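Okay, here's what each chain looks like letter by letter:
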Amino acid sequence: MSFIVADFAESVVVRGGEAEVIGQAPITMHLLADSSSTGGALSTQRITLTDGADGAKPHHHANAAELFYMLDGTAQLLSGDQIVTAQTGDLIVVPPGRAHAFAAAPGLNADILIVITPGVERFEYFRHLERIAHGKVPPESLLEVQELYDTYFHNSAAWNTLRPRPGE
């Protein structure tokens, strides 16, 4: 068991209107606090998914736990081989090394606060995803930065059955 000693002296305050926003419906990310602003303690973002949108494909973090708190709506989350349906007020914490994914439930919306601890510099990862969405870099480029962002992708039969890709 490791213990993280955060190295920051002032409270981190991010006003709602000041957070960097990436994307637009059906997937909007509010970048709240990155590891560098919390002395490595955590990184956090708010993700809003509309009309059944996919959030993240199956992946794991080797060194960090990920917390999902449902601010509003209904989401489907993969944890290992288990699918959890989460609703407003529910909390799911995925331990390091465990494959997970998330999406809004089909036809529904989900507003999720996500906290990763210990923190990983994640904001540039989300900016990278936006570059992929706009065709500026290929999706395969994520494979080159898995170690940098402690995000390792998986194939999950359980997730593929629940959330088949278009054309499958």
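Residues numbered from 1 in each chain as written. Predicted model: local features only at pLDDT ≥ 70, side-chain atom pairs only at ≥ 80, totals over all residues. Heavy atoms only, no water.

> Please give an account of the environment of His61 that cites residues and values.
One can find His61 in the loop between strand 4 (54-60) and strand 5 (65-79). Sequence separation of His61 and Gln76 is 15 residues, and the distance between their C-alpha atoms is 19 Å. Looking at His61, its side chain comes within polar contact range of the side chain of His100, at 3.4 Å. (Helix = DSSP H or I, 4+ residues; strand = E, 2+ residues; numbered from the N terminus. Polar contact = N/O pair within 3.5 Å; in protein donor to acceptor, adjacent residues only side chain to side chain.)

> I'd like a description of a nonpolar patch on the surface, backed by residues and values.
A surface patch of nonpolar side chains, amounting to about 340 Å² of accessible area, comprises Tyr69, Leu71, Leu91 and Val93. When residues of the nonpolar patch are traced back to their parent elements, those giving at least two are strand 5 and strand 7 (91-94). (Patch = residues over 30% accessible without salt bridge, like charges linked within 9 Å, V, L, I, M, F, W, Y side chains within 5 Å. Areas by Shrake-Rupley, 256 points an atom, 1.4 Å probe, with all protein chains shown as cover. Salt bridge = Lys/Arg side-chain N within 4 Å of Asp/Glu carboxyl O.)

> Give a detailed account of the packing of aromatic side chains, specifying residues and quantitative values.
Under the counting rule described, the total for this entry stands at three aromatic pairs. An aromatic cluster is defined as three or more aromatic residues linked by ring pairs; in this entry it consists of Tyr125, Phe126 and Tyr149. (Phe/Tyr/Trp six-rings, centres within 6.5 Å; stacked < 30°, edge-to-face > 60°.)

> Give me the pairing of strand 2 (residues 27-33): which residues, what numbers.
Pairing between strand 1 (residues 20-24) and strand 2: five bridges, direction antiparallel. Its bridge partner lying in strand 2, Glu20 is registered against Leu31. Between the antiparallel neighbours strand 1 and strand 2 lie two residues. Direction of pairing for strand 2 relative to strand 3 (residues 43-49): antiparallel, over a ladder of six bridges. Considered in strand 3, the bridge of Thr28 is made with Thr48. (Pairing = 2+ DSSP bridges.)

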